[in-house]
Amino acid sequence: MSFESYLSRGDFCIPECISCKRIVWPPSEFCNHCFGIVSLRKGDFEGKIVEFSKQNDEYFCLVEFENTIRIIAKISMIPEIGQKVKISKCGISNGNYLFYVN
Amino acid sequence: MNNMNKVGIIAYGITPFTKEDKKIESVLLKSTKNLFENNPNIDRNDIDAVLVSTNNNSKYLSPILSEMAGIQPKIAHSIESLCNSGTNSIVSAYSYIASGLADMVLVAGAERYDSPGQILEWDNSRGEFKHPIFWASIFAKSYKREYSISDEQLALVSVKNHKQAKENPNAISDKTYTIQDVMNSKKLTEDLRLLDCSRPCTGSASIILVSEEKVKKITDTSVWITGIGQKTTSAGFTKNTSLSSMESTKAAGQSALKMSNKDITNIDVAEIHDAFSVCEPIALESLGFSKLGKGTDMIKELYDTNNFKINPRGGLIGSGHPLGATGIAQTIEITQQLQSNADKRQVDDAKVGLVHNMSAAATSSTVLVLEK
């Protein structure tokens, strides 16, 4: 299954090269370092908030996982820089990835 | 490098930037028509290449423009690189001439107000937040936090650039604003107001680049491209290693200055890619015009002294941002400045100018150095 197949089911996986073991982000079929095949690591990953802003009453934040992957996610609480968060919900809607953290 | 042909700018044409709903082919032709009408001494049979800069989805635009303008070039193709398509096209034209593949190249850029180049659909790491206002908000928040900058200090970028755009007859804006006006404009996010943003619009700009040998036969007021720097660090916003500086701009600026054998202190006038107000101080710092965190001080001093050195035509915020035309319009402005032909926008004794044009949250930058 692809990263997007898992994501559309609500599972966030970390894409990793089976040859050089590097994280491949954004997800791709092949590693952008050695062109090795990419596998998907499942888990309950912890990230940290790097930056945030707010639109209307909703906060959005830049979250970093494993010092490599960065995503923009929604967060329901008032965020703080460096705050540890986990993905609470994810998916794909109208072609866009959706990420929620708390 | 030393064996390359020298490349000069000999002619330009531009349209007003508007919200007009016109076909891209028609928009594109308008600035090219303007160019040839203003330069009747240029023989269209001498044009070796026609390069079209746009994000529009219409196909085969270079052959179409060539046919509409009565040109049968050897080389004809489009170039797309989101917001810095224009300077990418100029670099391609430069390369054709420097290598000897062409002696005269027409570069024409155009965009409609509804350009598909505003959203980078591929960048899924932005989640639902693909519109540029979101990366700009994150840049603004980070820059303000790191250097203790206020919203009012950033608002002055918009105040300055709208004021300068008032002297630009092709700018979309003819209004001036106060800091309070900017602060009171519609709040798009916690860190960005409507007047902090450049506006997508309809417009086009055309320019002709020629080899040194050809320049001498046509004009004695050519402006020379003496430095080119380009750098792409990624395509996705979330790969930016810094949110309060522009790494691609730093690299491109250093390369361009090195090629032209100039220092940033030699630059008399510059066009800076102020897609959002926060971009101007960050770009000034990344290019070396000011120290880190001091870009807004420089902007305040320029504003207080009515000095048009940075973004004399009003930048993207005041002029409007027709993506494919922007880099070419910036280059035209610096050309006019160096030719002492910029009317009320003229910077005194401008001999060396710089163009900074970037794409997609500064993941890619082009810097040009121009000289008399």
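Thresholds, definitions, all that
- Residues numbered from 1 in each chain as written.
- Chains lettered and ligands numbered in written order.
- Predicted model: local features only at pLDDT ≥ 70, side-chain atom pairs only at ≥ 80, totals over all residues.
- Helix = DSSP H or I, 4+ residues; strand = E, 2+ residues; numbered from the N terminus.
- Buried ≥ 20, exposed ≤ 12 C-beta atoms within 10 Å, placed from the backbone.
- Contact = placed C-beta atoms within 7 Å.
- Pairing = 2+ DSSP bridges.
- Axes fitted to C-alpha atoms, helices over the stretch in contact; angles between N-to-C directions.
- Parallel < 35°, antiparallel > 145°, perpendicular 65-115°, else oblique.
- Left-handed = near helix turned anticlockwise from the far one by under 90°.
- Nonpolar A, V, L, I, M, F, W, Y, C, P; charged D, E, K, R; others polar.

**A look at the overall build of chain B**
Phase 1 of the analysis: When helices and strands are tallied, chain B shows 12 helices and 11 strands.
Phase 2 of the analysis: For chain B, the spread of C-alpha atoms along the three principal axes comes to 55 × 40 × 35 Å.
Phase 3 of the analysis: Burial analysis of chain B (372 residues in total) assigns 61% to the buried set.
Phase 4 of the analysis: Long-range contacts, defined here as pairs at least 24 residues apart, represent 78% of the contacts in chain B between residues at least 6 apart.

**Notes on the sheet that holds strand β8 (residues 223-232) of chain B**
All names here are of chain B.
Phase 1 of the analysis: Ordered by their spatial adjacency, nine strands build an open sheet running β3-β2-β4-β7-β1-β8-β11-β10-β9, and the pairing between neighbours is mixed. Across the chains shown, the open sheet's two edge strands, defined by having one partner strand only, are β3 (75-79) and β9 (269-271). Neighbour-to-neighbour, the strand axes of the sheet open up by a mean angle of 25°, direction not taken into account.
Phase 2 of the analysis: Across eight bridges, the pairing between strand β10 (residues 352-359) and strand β11 (residues 364-371) is antiparallel. For M358, the partnering residue across the bridge sits in β11 and is S365.
Phase 3 of the analysis: Against the sheet, helix α2 (residues 61-68) engages β2 (49-53), β3 and β4 (104-111), with an angle of about 120° to β2.

**Focus on the packing of helix α8 (residues 247-260) of chain B against helix α9 (residues 279-287) of chain B**
Residue and element names in this part refer to chain B.
Phase 1 of the analysis: Relative orientation of the contacting elements α8 and α9 amounts to 45°, with a least axis distance of 8 Å. It follows that α8 is oblique to α9 by the angle criterion. Viewed along their axes, α8 and α9 form a crossing whose handedness is right-handed. Residues T249, K250 and G253 of α8 form the contact with α9, whose participating residues are A283, S286 and L287.
Phase 2 of the analysis: Split by residue class, the contact of α8 with α9 holds two nonpolar, three polar and one charged.

**Considerations on the interface of chain A and chain B**
Phase 1 of the analysis: Contact residues are listed per partner, giving 16 residues for chain A and 18 residues for chain B.
Phase 2 of the analysis: Where the side of chain A that touches chain B is concerned, the elements lending two or more residues are β3 (46-55), β4 (58-65), β5 (69-75) and β7 (96-101) of chain A.
Phase 3 of the analysis: For the side of chain A that touches chain B, the element with the highest residue contribution is β3 of chain A, accounting for five residues.
Phase 4 of the analysis: Here the residues of the side of chain A that touches chain B sort into 10 nonpolar, three polar and three charged.

**Considering the environment of H77 of chain B**
Residue and element names in this part refer to chain B.
Phase 1 of the analysis: In this fold, H77 is placed in strand β3.
Phase 2 of the analysis: Using a count of 15 C-beta atoms within 10 Å as the deciding quantity, one classes H77 as partly exposed.
Phase 3 of the analysis: Separated by 226 residues in sequence, H77 and Y303 place their C-alpha atoms 41 Å apart.
Phase 4 of the analysis: In contact with H77, not counting residues within four places along its chain, are L51 and S62.

**Considering the sheet that holds strand β6 (residues 84-93) of chain A**
Phase 1 of the analysis: Spatially, five strands are ordered β3-β4-β5-β7-β6 (chain A) in a closed barrel, and the strand pairing comes out mixed. Averaged over all pairs of adjacent strands, the angle between their axes in this sheet comes to 45°, without regard to strand direction.
Phase 2 of the analysis: Where β6 of chain A lies against β7 of chain A, six bridges are found, and the strand directions are antiparallel. Across the sheet, residue C90 of chain A finds its bridge partner in β7 of chain A, namely F99 of chain A.
Phase 3 of the analysis: Docked against the sheet, helix α4 (residues 132-147) of chain B engages β3, β4 and β5 of chain A, running at close to 100° with respect to β3 of chain A.

**Considering the pairing of β10 of chain B**
Residues and elements named next belong to chain B.
Phase 1 of the analysis: With eight of eight residues buried, β10 lies mostly within the body of the structure.
Phase 2 of the analysis: Burial along β10 is two-sided: V352, L354, H356 and M358 and G353, V355, N357 and S359, pointing in opposite directions, are all buried.
Phase 3 of the analysis: Sheet topology places β9 next to β10; three bridges connect them, and they run parallel. Residue pairing in the sheet places V269 in a bridge with G353 of β10.
Phase 4 of the analysis: What sits between β10 and β11 in their antiparallel hairpin is a turn of four residues, with A360 showing a positive phi close to 40°.

In short, shape yes, function no, at least from these values alone.
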